[in-house]
Amino acid sequence: DSGVTQTPKHLITATGQRVTLRCSPRSGDLSVYWYQQSLDQGLQFLIQYYNGEERAKGNILERFSAQQFPDLHSELNLSSLELGDSALYFCASSVGGTLSTDTQYFGPGTRLTVL
Amino acid sequence: AQSVAQPEDQVNVAEGNPLTVKCTYSVSGNPYLFWYVQYPNRGLQFLLKYITGDNLVKGSYGFEAEFNKSQTSFHLKKPSALVSDSALYFCAVRDNSGNTPLVFGKGTRLSVIA
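Remember, predicted model here, so these are calculated numbers, not experimental data.

J.: Lay out the overall build of chain A with the relevant residues and their values.
T.: Secondary structure assignment for chain A yields 0 helices and 11 strands. Ordering the α and β elements of chain A from the N terminus gives β-β-β-β-β-β-β-β-β-β-β. For chain A, whose C-alpha radius of gyration is 13 Å, the value lies close to the compact-globule estimate of 13 Å for 115 residues. Considered along the principal axes of its C-alpha atoms, chain A spans approximately 40 × 30 × 25 Å. Across chain A, contacts joining residues at least 24 apart in sequence account for 55% of those joining residues at least 6 apart. Accessible area for chain A stands at about 5400 Å²; split by element, carbon and sulfur atoms hold 49% of it. The average position of the 8 basic charges and that of the 11 acidic charges among the side chains of chain A differ by 4 Å.

See below:
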């Protein structure tokens, strides 16, 4: 158990809908990262927050947004969902925000199915 | 831009035999290299990382990896494979420039046969 928690474990929804995925980092970690894992694209970095502020952006669609709250938990919002958004969404956390040597610890993931 | 290649989609090895999962990387500066393992329906678990120093890095569950700068490789090894090692293995790299994202390879599925 990495200490990173994600809810819900599974989410089934319809095209056009909006969902929110939630992540709580390990105790003491200030950075939260979001990743999308799909069969064809592999593991793709979406976005990083550090202590409440956006720190880095990857291949995140405009339909997707995230935030990190004062208690350091983070939410990833996915809107106008398409079939191709079906994937595993992982959250990871690390102690710092800028140290390249930091280890990221991953949560168990949320499996999103868009029908 | 940084990148990682895991040239084998699948590696099969007999239980008790040594295993190697290959990884090569490309970065503009010095690399920081990581290995993660993913079991079915689970998140990624950290195994080990190379930052600097000794080229042979020891990690969790008896795994180790060897950093080779001239070959830009970071292969994962274990002297004696267990059936329970069967999983998906990911190599990842980031450079030392500051705040660059961790870039993952496509993953290698390891199957250890009893």
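J.: Please give an account of the overall build of chain B that cites residues and values.
T.: For chain B, the helix and strand inventory stands at 0 helices and 12 strands. Going from N to C terminus, chain B has its helices and strands arranged as β-β-β-β-β-β-β-β-β-β-β-β. A compact globule built from 114 residues should have a C-alpha radius of gyration of about 13 Å, and chain B, at 14 Å, falls within 12% of that. Considered along the principal axes of its C-alpha atoms, chain B spans approximately 45 × 30 × 20 Å. Taken across its 114 residues, chain B has 46% of its residues classed as buried. Long-range pairs, those at least 24 residues apart, make up 57% of the contacts in chain B with a sequence separation of at least 6.

J.: Just give me the short version of the interface of chain B and chain A, but keep the residues and values in it.
T.: In this assembly, 22 residues from chain B lie in contact with 26 residues from chain A. Along the contact surface separating chain B from chain A lie 0 salt bridges. At the level of secondary structure, the elements contributing two or more residues to the side of chain B that touches chain A comprise strand E5 (31–38), strand E6 (44–50) and strand E10 (87–95) of chain B. No other element matches the 4 residues that E5(B) contributes to the side of chain B that touches chain A.

J.: Pulling in residues and values, what's your account of the layout of surface pockets?
T.: Considering only enclosed or pocket space, the largest pocket measures out at about 570 Å³ in volume. Residue lining of the largest pocket: 20 residues in total, with Gln37(A), Leu39(A), Gln38(B), Leu88(B) and Arg109(B) positioned closest to the centre. At the level of elements, strand E4 (31–38), strand E9 (87–94) and strand E11 (110–114) of chain A together with E10 and strand E12 (108–113) of chain B are the ones that each hand at least two residues to the lining of the largest pocket. Split by residue class, the lining of the largest pocket holds 8 nonpolar, 7 polar and 5 charged. Estimates place the volume of the second largest pocket at around 250 Å³. Asp1(A), Ser2(A), Phe106(A), Arg42(B) and Gln45(B) are the residues nearest the centre of the second largest pocket, which is lined by 14 residues in total. When residues in the lining of the second largest pocket are grouped by element, the largest group, 3 residues, is from E6(B). Each residue belonging to the lining of the second largest pocket can be placed in one class, and the counts come to 7 nonpolar, 5 polar and 2 charged.

Definitions and cut-offs
Residues numbered from 1 in each chain as written. Chains lettered and ligands numbered in written order. Predicted model: local features only at pLDDT ≥ 70, side-chain atom pairs only at ≥ 80, totals over all residues. Heavy atoms only, no water. Helix = DSSP H or I, 4+ residues; strand = E, 2+ residues; numbered from the N terminus. Rg over C-alpha atoms; globule rule 2.2 N^0.38 Å. Contact = heavy atoms within 4.5 Å. Areas by Shrake-Rupley, 256 points an atom, 1.4 Å probe, with all protein chains shown as cover. Lys, Arg positive; Asp, Glu negative; His and termini not counted. Charge placed at Lys NZ, Arg CZ, Asp CG, Glu CD. Buried < 20%, exposed > 50% of the residue type's maximum accessible area, 1.4 Å probe, protein only. Salt bridge = Lys/Arg side-chain N within 4 Å of Asp/Glu carboxyl O. 1 Å grid on protein atoms, 1.4 Å probe; cavity = no way out; pocket = protein on both sides within 12 Å on 5 of 7 lines; lining within 4 Å. Points joined across faces, edges and corners; volume = space filled by probe spheres on them. Nonpolar A, V, L, I, M, F, W, Y, C, P; charged D, E, K, R; others polar.

The analysis is restricted to geometry; functional conclusions fall outside its scope.
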